[in-house]
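A look at the structure
Residue-level listing of the chains:
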Amino acid sequence: MLNDPRFSVEISIKVPFHDVDAMGVVWHGNYFRYFEVAREALLGQFDYGYRAMQESGYVWPVVDTRVKYRDVVKFEQQILVRATILEYENRLKIGYEIVDAQTGKRTTTGYTIQVAVSATSGELCFVSPPVLFERMGLSHE
């Protein structure tokens with residue numbers, strides 16, 4: 001949807017021992033942590049990380065998420081986590097892909113959906129606030 005490189009990021013992670021189970025496979029819940037690290041890097045590219053969100057008067061809770069495990073990820077495996085903005089007008093939908101850094105084989109896909117909530121009133125915003133468009137360098141109609 002957005003071909004601008006500012007709206008996509010790739011980070012590298014070497015899977016630590018504390019992320020795996022007794023079989024040496026990444027525990028399923030840790031994939032959300034990998035998504036989170038990539039999401040923070042992505043939002044930081046246009047200076048709208050979590051601190052900036054709060055300072056702008058909005059919090060952006062995750063309201064929906066999905067992960068699809070296509071292949072195992074193991075201890076000490078070098079992985080690349082890609083995060084890309086898929087939607088931004090009414091909600092912030094970010095897609096994720098995890099690939100093996102050595103082979104390029106896709107191991108995991110998923111997405112998260114966040115919505116803007118006024119930090120003062122606690123009210124849900126049904127469209128993304130103008131500050132998101134400003135930070136992304138996009139016009140808001």
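Located above this text is the structure these notes cover.
Residues numbered from 1 in each chain as written. Predicted model: local features only at pLDDT ≥ 70, side-chain atom pairs only at ≥ 80, totals over all residues. Heavy atoms only, no water.

1. Topic: the sheet that holds strand E4 (residues 78-87)
Across the sheet, which stays open at both edges, the five strands sit in the order E1-E4-E5-E6-E3 with antiparallel pairing between neighbours. At either margin of the open sheet sits one strand with a lone partner, and together these are strand E1 (8-14) and strand E3 (62-69). For this sheet, the mean inter-axis angle between neighbouring strands, taken without regard to orientation, is 20 degrees. Sheet analysis places E3 next to strand E6 (residues 106-114), joined by seven bridges and oriented antiparallel. Across the sheet, residue threonine 65 finds its bridge partner in E6, namely threonine 112. (Pairing = 2+ DSSP bridges. Helix = DSSP H or I, 4+ residues; strand = E, 2+ residues; numbered from the N terminus. Axes fitted to C-alpha atoms, helices over the stretch in contact; angles between N-to-C directions.)

2. Let's talk about the packing of aromatic side chains
By the definition in use, this model includes eight aromatic pairs. Measuring from centroid to centroid gives 5.5 Å for phenylalanine 17 and phenylalanine 75, while their planes differ by 80 degrees, and the two rings are edge-to-face. On the criterion of sequence distance, the pair formed by phenylalanine 17 in the loop between E1 and helix H1 (30-45) and phenylalanine 75 in the loop between E3 and E4 is long-range, its members being 58 residues apart. The class of phenylalanine 17 is exposed, set by a relative accessible area of 62%. (Phe/Tyr/Trp six-rings, centres within 6.5 Å; stacked < 30°, edge-to-face > 60°. Buried < 20%, exposed > 50% of the residue type's maximum accessible area, 1.4 Å probe, protein only.)

Keep in mind these values describe shape, not function.
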